[in-house]
Amino acid sequence: MKDKLRILLRIALVLLLVGGVTVGVLYANRDIGIPTDQLEQDMRTGPDIPDDWTVQISVGDTTAAGIAYAPDHSDYVFALYIDRDTHRFFTTGWFLTIGGSLFEISDFVAALTVHDRPETAYISMNAEKIDRAVVDSGTETRTIELDGSQPFVLVLPRSSGGVTFYGADDQPVAQLFQVARQR
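Source: prediction; values computed, not measured. (Residues numbered from 1 in each chain as written. Predicted model: local features only at pLDDT ≥ 70, side-chain atom pairs only at ≥ 80, totals over all residues. Heavy atoms only, no water.)

**Let's talk about the pattern of salt bridges**
Close approach of charged atoms allows side chains of opposite charge to pair. For the coordinates displayed, the defined rule picks out four salt bridges. A salt bridge links Arg44 to Glu40, with the shortest nitrogen-to-oxygen separation between them at 3.2 Å. Of this pair, Arg44 and Glu40 both sit in helix α2 (residues 39-45), four residues apart, which is roughly one turn of the helix. Here Glu40 falls in the partly exposed class, since its relative accessible area comes to 38%. (Salt bridge = Lys/Arg side-chain N within 4 Å of Asp/Glu carboxyl O. Helix = DSSP H or I, 4+ residues; strand = E, 2+ residues; numbered from the N terminus. Buried < 20%, exposed > 50% of the residue type's maximum accessible area, 1.4 Å probe, protein only.)

**Some thoughts on the sheet that holds strand β1 (residues 54-59)**
With antiparallel pairing, the four strands of this open sheet are ordered in space as β1-β2-β3-β4. A single partner strand is all that each edge strand has here, and the edge strands are β1 and β4 (94-100). Recorded for the sheet is a direction-independent mean angle of 20° between the axes of neighbouring strands. For β1 and strand β2 (residues 63-69), the ladder comprises six bridges, and the chain directions are antiparallel. Within the sheet, the bridge partner assigned to Val59 lies in β2 and is Ala64. (Pairing = 2+ DSSP bridges. Axes fitted to C-alpha atoms, helices over the stretch in contact; angles between N-to-C directions.)

**Concerning the confidence of the model for the chain**
Per-chain confidence: the chain averages 83 in pLDDT, with 80% of residues scoring 70 or above. Averaged pLDDT values for the elements of the chain fall to 60 in strand β11 (residues 176-181) and rise to 96 in β1. (pLDDT = per-residue confidence, 0-100.)

**Overview of a nonpolar patch on the surface**
A cluster of nonpolar side chains, Ile7, Leu8, Ile11 and Leu15, forms an exposed patch at the surface whose accessible area comes to about 410 Å². Here Ile7 is to be found in helix α1 (residues 2-28). (Patch = residues over 30% accessible without salt bridge, like charges linked within 9 Å, V, L, I, M, F, W, Y side chains within 5 Å. Areas by Shrake-Rupley, 256 points an atom, 1.4 Å probe, with all protein chains shown as cover.)

**As for the pairing of strand β5 (residues 109-114)**
Along β5, six of the six residues are buried, which leaves the element largely enclosed by surrounding structure. By the alternation rule, side chains of β5 split into Val109, Ala111 and Thr113 and Ala110, Leu112 and Val114, which are all buried. Where β5 lies against strand β6 (residues 119-124), three bridges are found, and the strand directions are antiparallel. Along β6, the bridge assignment pairs Leu112 with Ala121. The turn linking β5 back onto β6 is made up of four residues.

**Considering the environment of Gly161**
Looking at where Gly161 falls in the secondary structure, it is placed in the loop between β9 (152-157) and β10 (162-167). Classification of Gly161 by relative accessible area gives partly exposed; the value is 25%. Put simply, Gly161 and Val135 are 26 residues apart on the chain and 6.0 Å apart in space, counted from C-alpha to C-alpha. Apart from residues no more than four positions distant in its own chain, Gly161 is found in contact with Val135, Asp136 and Ser137. (Contact = heavy atoms within 4.5 Å.)

**A look at the side chain of Asp42**
Residue position: Asp42 is located in helix α2. A distance of 2.6 Å separates a polar atom in the side chain of Asp42 from a polar atom in the side chain of Tyr81. (Polar contact = N/O pair within 3.5 Å; in protein donor to acceptor, adjacent residues only side chain to side chain.)

**Observations regarding the sheet that holds strand β8 (residues 141-145)**
Adjacent strands of a sheet pair through backbone hydrogen bonds, lying either parallel or antiparallel. The strand order across the open sheet built from three strands is β8-β7-β10, with neighbouring strands paired in antiparallel fashion. Of all strands in the sheet, those bounded by a partner on one side alone are β8 and β10. Averaged over all pairs of adjacent strands, the angle between their axes in this sheet comes to 20°, without regard to strand direction. Where strand β7 (residues 130-136) and β10 come together, six bridges link them in antiparallel fashion.

The following block contains the structure:
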């Protein structure tokens, strides 16, 4: 009886060890996903962003986005992450789906969507000095205050309604570019 118990204990220990190593390898290879609290760190290490750059992150339910920019706003990179909903047992975080730079972000507001995600990421270097976003659902409006002198990133549900960006002159910003990403 003791021999059978020892054998079962050894088998359980080996299975636990193999499971731990497997999860460790998946995590090291980023096959599990990036935790929300490590998105800024991931952005900084991915494209080798200098330490003095500012990083802003916005997180929704299924989409996260970030922008990193130089102190003088002369350069930037953005990143769009999704939360994979397949293989939930092994995926617990965010996965980079697109990143880099787009002229729409440097000059205007880019509205980035992944085709099957219910959220849109709005990213801008804020050349137009946008100081607020107004979300109109048809039944109510909500205002999101922004710093007109700083770049911004917002992740909002598509179902929340139309989004209009306004500058300091209280005029709507005319240029909003949709960028769709097929997965």
